[in-house]
Amino acid sequence: MRDTDVLVIGAGPAGCVAAWEAKRHAPELDVVLLERDRAVGAPVRCAEGVGDAGLREFAEPDGAPWVARKITRVIFLAPDDTEVKVAERDVGWILDRTRFDAFLAARATAAGVTLLVGTEAAGMSRDADGRWRVELRGAGGEETWRARIVIGADGVEAMVGRWAGLDTRVPARDMESCAQYVIEGIDFDPDAIYLQFGERIAPGGYAWLFPKGPGIANVGLGLVALKADGRNARQYLDGWIARRYPGGAKTGYTVGGVIVHATIKAAYSDGVLVAGDAAHMINPLSGGGIVNAMKAGRLAGQTAAAAICAGDTGAGRLCAYHAAWMELLGEDHVRYYRLKRALEDVDDAFLNSLARTVNAIPLEKRTLGRIFTHALVKHPQLIPVAARFFL
Ligand SMILES: Cc1cc2nc3c(=O)[nH]c(=O)nc-3n(C[C@H](O)[C@H](O)[C@H](O)COP(=O)(O)OP(=O)(O)OC[C@H]3O[C@@H](n4cnc5c(N)ncnc54)[C@H](O)[C@@H]3O)c2cc1C
């Protein structure tokens with residue numbers, strides 16, 4: 001039996017930041033970070049896009065080796081292929097997550113965190129004195145660690161929350177199945193990300209192209225299986241690529257799930273905090289979760305360290321983590337979720353006509369606010385959708 005103060009399970013963005021923050025907040029504490037894969041950051045199951053402002057809260061992207069591409073434009077594609085450009089400024093970045101996640105982990109270890117790769121948490125139970133005993137499986141065999149606080153940052157297939165008795169169930173309509181290729185040798189604007197919606201393209205989700213460099217991109221889509229016509233995400237994606245980006249070389253392939261639901265009802269329990277995808281802290285409209293995971297990890301790490309230093313790791317104290325998250329982003333996600341559900345009723349014909357409405361606004365005046373107002377005036381059927389967002 002080995003002891004630690006904080007045991008973080010999962011070295012993705014949420015776990016790396018949580019471990020780093022816990023150690024920074026209270027350097028005297030022992031913080032251990034577990035990763036079941038043999039290398040942090042691999043395999044990549046992500047399109048790797050992040051917004052500029054959110055990323056800068058955690059790291060400086062200019063010239064960083066973990067950045068693949070700076071993005072200055074977003075191009076929406078209506079179902080009938082009408083292009084709508086909406087931004088012409090510093091929009092965001094495409095990361096190289098193999099390097100980015102490794103960078104976050106290295107920063108945590110430099111602060112004094114112990115990182116164990118190739119080590120999986122296989123179960124956990126409560127001690128008589130209230131600590132958690134976590135069973136680990138690794139190359140060296142099995143061992144048990146005892147922790148005052150466990151942070152579950154174990155991603156979309158999360159188990160820590162369930163082991164702690166939290167309700168982490170996801171309705172089937174809120175689970176997107178994704179497929180993605182890395183494709184080389186295709187033609188696109190390397191400064192832009194492309195997003196295409198449409199019932200026949202990606203039912204319940206969207207297709208994307210995120211550039212990693214000139215001629216090379218992450219090309220994928222996410223869909224809700226309940227809305228699909230029997231084909232899986234890869235089959236839809238193959239169809240999309242054959243139509244829009246034929247002739248490229250597919251040099252990588254990945255699949256994964258994205259939970260497009262609001263945050264779980266309680267992301268804490270006695271001696272347990274859950275952060276990132278594991279707590280459904282993904283933007284339900286965009287499916288983006290990297291920056292959210294880091295923000296939640298920061299709150300979880302700080303809360304854990306402060307609770308241990310105060311000698312109180314009970315749910316009564318840890319609930320402050322959940323409240324802080326809901327105030328920071330969780331309440332917004334509830335509104336985005338309502339908007340997502342309301343938008344489920346719009347069809348391809350509507351999206352095609354909305355694209356033409358937006359294209360009538362001069363590019364330099366095409367702010368999100370103007371697009372929204374114009375859309376409401378020209379398409380009054382959007383008013384109940386907007387109302388659901390604001391009420
Ligand atoms: C196809 C696809 C495209 C996406 N594109 C984007 C995008 O462009 N932008 C964006 O912001 N988000 C995107 N996302 C979502 C994004 O990847 C996640 O929101 C983000 O990675 C969440 O970070 P996390 O730290 O919570 O979880 P993860 O990054 O999933 O990290 C969890 C870690 O925990 C480890 N782990 C799991 N169980 C255990 C265990 N029992 N013991 C030890 N370790 C364990 C896993 O191996 C993993 O490394 C995409 C997702 C998919 C599937």
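Because the structure is predicted, anything quoted here is derived from the model rather than measured.

**Regarding the overall build of the protein**
Looking only at helices and strands, one finds 10 helices and 18 strands in the protein. Whereas a compact globule of 391 residues would reach a radius of gyration of roughly 21 Å, the protein reaches 22 Å, a difference of no more than 12%. Structurally, the protein occupies a C-alpha span of about 65 × 45 × 40 Å along its principal axes. By element, 52% of the accessible surface of the protein is carried by carbon and sulfur atoms, the whole surface being about 16900 Å². Computed over 46 positive and 48 negative side-chain charges, the separation of the two mean positions in the protein equals 3 Å.

**Topic: unusual backbone geometry**
A cis amide bond, omega 0°, links A42 with the succeeding residue P43. For P43, the position within the fold is in the loop between β2 (31–35) and β3 (49–51). Although it is not a glycine, D81 sits at a positive phi angle of roughly 75°. Along the chain, the position of D81 falls in the loop between β5 (73–77) and β6 (83–85). Look at D81 and you get partly exposed, because its relative accessible area is 30%. In this structure, H280 takes a positive phi of about 60° despite not being glycine. Tracing the backbone shows H280 in the loop between β18 (272–274) and α6 (290–310). Since its relative accessible area comes to 2%, H280 is described here as buried.

**A word on the side chain of E176**
Within the secondary structure, E176 is located in strand β12 (residues 175–184). With no salt bridge to any partner, buried E176 finds its closest opposite charge in K340, at an N-O distance of 5.8 Å. Dropping the residues within four chain positions of it, E176 is found in contact with G204, G205, G222, L223, V224, G256, G257, V258 and V260.

The rules behind the values
Residues numbered from 1 in each chain as written. Predicted model: local features only at pLDDT ≥ 70, side-chain atom pairs only at ≥ 80, totals over all residues. Heavy atoms only, no water. Helix = DSSP H or I, 4+ residues; strand = E, 2+ residues; numbered from the N terminus. Rg over C-alpha atoms; globule rule 2.2 N^0.38 Å. Areas by Shrake-Rupley, 256 points an atom, 1.4 Å probe, with all protein chains shown as cover. Lys, Arg positive; Asp, Glu negative; His and termini not counted. Charge placed at Lys NZ, Arg CZ, Asp CG, Glu CD. Buried < 20%, exposed > 50% of the residue type's maximum accessible area, 1.4 Å probe, protein only. Salt bridge = Lys/Arg side-chain N within 4 Å of Asp/Glu carboxyl O. Contact = heavy atoms within 4.5 Å.

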